[in-house]
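For reference, the chains in residue letters:
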Amino acid sequence: MSSQKGWIRFLAKHSYSLLFLMICACGIAGCICLYFLTAKQVNIAIFTIGVDYMQVLSLLRKSKVAWPDDLLFLLKYFHWFNFDIDSTGPECAARELFTFTNKWWLKAFLPVIGITVATISIACVKLFIFLRRELAKRGESFSPETEEEAKQRKATQIPLGALLKSIFVTIIYFLYLTFCRSAIDVFNCNDTDPPTGKTYLRVLPLEECWVEGGIQAGLIWPAAIFGLLYCVGFPLGVFLLFHANKDIIREDQTLRAYSKGNNRLSNPHFAFRKSFSKLYMNFKPEHYWWIEMQIGRKLALIAISMIFQFNPAFQLAMALLLMFTCLMFQVKQQPYMGFHEKGAIIRNVAEKQILQEMAMVDALENIAFNGTKMGSGGISNTKLVEKIQRIRANI
């Protein structure tokens, strides 16, 4: 009994340190998981769709609707898929450290923190692999790497810059809702009932808005800057990236349909695939831009939840209208690339190649005919006929 009390006192005394270690451990584990998923070329399309679904549903939790207890229980746990630090309630363990301002800045710099942790974690993993390879060369331990294995490793090795870009894009995409809500919450002020001429933050009901020296006033400019960077800058950056590299993306997705392009030998844009493929890998070549629709849907839902927060019935009606419109557009376009769509892409590419070869045969036959007609036959025409026969045999 005394040992139990001692453990309880120890945990209560060091709760802040333990919470910090848990957050660091989760961050490192997450970065290592992203590294191995990227390195092993695991398709996380189903996981991405599931997380998007949970994130959208979690927005309904804060609506002023008398949800049934069972549904409210589900919506509460769906909120964990936003990867929001507020879900853990860190202020309960360290109230002085995890203030509203500090938590807001932590969310704002989370991508920078994440990419720093990822860099350190990946550097440690690569150092371990390098030391293991060096020990194998010296014959001290492990089996030495053959020349064929070294060649294959270099062909499939992902550049460090591409890996970090991929992790950075993944962090931004999955935390997009959290970033946007954090920026908008600073401007989300509510009037009192009855009105007193003063407004208060919705997330901090005791904090008055637009008061010099207050919490809200101190975060106005940072919220405006980071709000533009995340809410507008991320989709704009994706649009510019797609616009500048649309031909590369279409070619890469065509290779993906053939289950090719996973090394430098078969894919001239291997580094680009490993950097940004998570933005377009789930979609058909002509619908590579579909992730912009998903990002826009999230941003529109956040706007609806804020603008119509005092009218829950109209808020849910607008959200339903938006979701139904997106659903109908998706059903019509069929943007995702599954096994059936990959087969259709391969069939279309083969048909185009056949048509091109047939056009080449017609052109060669015209050349041969014109040459014979003009009396310039002989060896050249014989070679043309042989080439035509070879192409016809391939067709």
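Here the structure is a predicted model, which means the values were calculated and not measured.

**Notes on unusual backbone geometry**
The residue after D193, namely P194, is reached through a cis peptide bond having omega 5 degrees. Looking at the element boundaries, P194 is found in the loop between β1 (189-191) and β2 (199-201). A positive phi angle, near 60 degrees, is found at W210, a position not held by glycine. Tracing the chain through its elements places W210 in the loop between β2 and α10 (215-218). Although it is not a glycine, Q334 adopts a positive phi angle of roughly 50 degrees. Mapped onto the fold, Q334 is located in the loop between α15 (312-333) and α16 (339-373).

**Overview of helix α12 (residues 246-257)**
For α12, built from 12 residues, the straight-helix expectation of 16 Å at 1.5 Å per residue is met to within 8% by its first-to-last C-alpha distance of 17 Å. Listed in full, the buried residues belonging to α12 are I249, D252, Q253, L255, R256 and A257.

**Examining the packing of aromatic side chains**
Taken as a whole and assessed by the stated rule, the structure comprises 17 aromatic pairs. An angle of 90 degrees between the planes, with centres 5.4 Å apart, marks the rings of W104 and W105 as edge-to-face. Relative accessible area serves as the criterion here: at 5%, W104 is assigned to the buried category. On the basis of an interplanar angle of 85 degrees and a centroid distance of 6.0 Å, the ring pair of W104 and F226 is categorised as edge-to-face. Of this pair, W104 sits in helix α5 (residues 100-108) while F226 sits in helix α11 (residues 220-244), placing them 122 residues apart in sequence. Assigned by exposure class, W104 and F226 land together as buried. Of the aromatic side chains, those joined through ring pairs into one cluster are W104, W105, F109, F179, F226 and Y230.

**A few points about the pattern of salt bridges**
Applying the stated rule across the entire model yields four salt bridges. In this structure, the salt-bridge partner of K298 is D52, at a minimum N-O distance of 3.0 Å. With K298 in helix α14 (residues 290-307) and D52 in helix α3 (residues 45-58), this pair connects stretches of sequence that are 246 residues apart. For the pair K298 and D52, a shared accessibility class is recorded, and that class is buried. Of the charged contacts in the structure, one is a salt bridge between D252 and R273, with a shortest N-O distance of 2.7 Å.

**What about the nonpolar core?**
Ranked by internal contacts, the top residues of the largest apolar core, which has 50 residues, are W104, F234, F242, F276, L279, Y280 and I291. Looking at this core element by element, the count peaks at nine residues for helix α8 (residues 160-174). Residue contacts for W104: discarding those within four places in its chain leaves S182, A183, V186, L219, P222, A223 and F226.

**Some remarks on the state of the cysteines**
Within this structure, the stated rule accounts for one disulfide. The disulfide partner of C189 is C209, and the gap between their sulfur atoms is 2.1 Å. The sign of the -100 degrees torsion about the S-S bond sets the C189-C209 disulfide as left-handed. With C189 in strand β1 and C209 in the loop between β2 and α10, this residue pair connects regions lying 20 residues apart in the sequence. Pair check on accessibility: C189 and C209 agree, each one buried.

**With respect to the side chain of H287**
The residue H287 is located in the loop between α13 (270-276) and α14 in this model. Residue class for H287 comes out buried when judged on its relative accessible area of 8%. Look past the residues within four positions of H287 in its chain and what remains in contact with it is Q333 and P335.

Quick notes on the rules
- Residues numbered from 1 in each chain as written.
- Predicted model: local features only at pLDDT ≥ 70, side-chain atom pairs only at ≥ 80, totals over all residues.
- Heavy atoms only, no water.
- Helix = DSSP H or I, 4+ residues; strand = E, 2+ residues; numbered from the N terminus.
- Expected span 1.5 Å × (residues − 1).
- Buried < 20%, exposed > 50% of the residue type's maximum accessible area, 1.4 Å probe, protein only.
- Phe/Tyr/Trp six-rings, centres within 6.5 Å; stacked < 30°, edge-to-face > 60°.
- Salt bridge = Lys/Arg side-chain N within 4 Å of Asp/Glu carboxyl O.
- Core = buried A, V, L, I, M, F, W, Y, C linked by side-chain atoms within 4.5 Å.
- Contact = heavy atoms within 4.5 Å.
- Disulfide = S-S within 2.5 Å.

Everything listed here is a matter of coordinates, which is why it stays silent on function.
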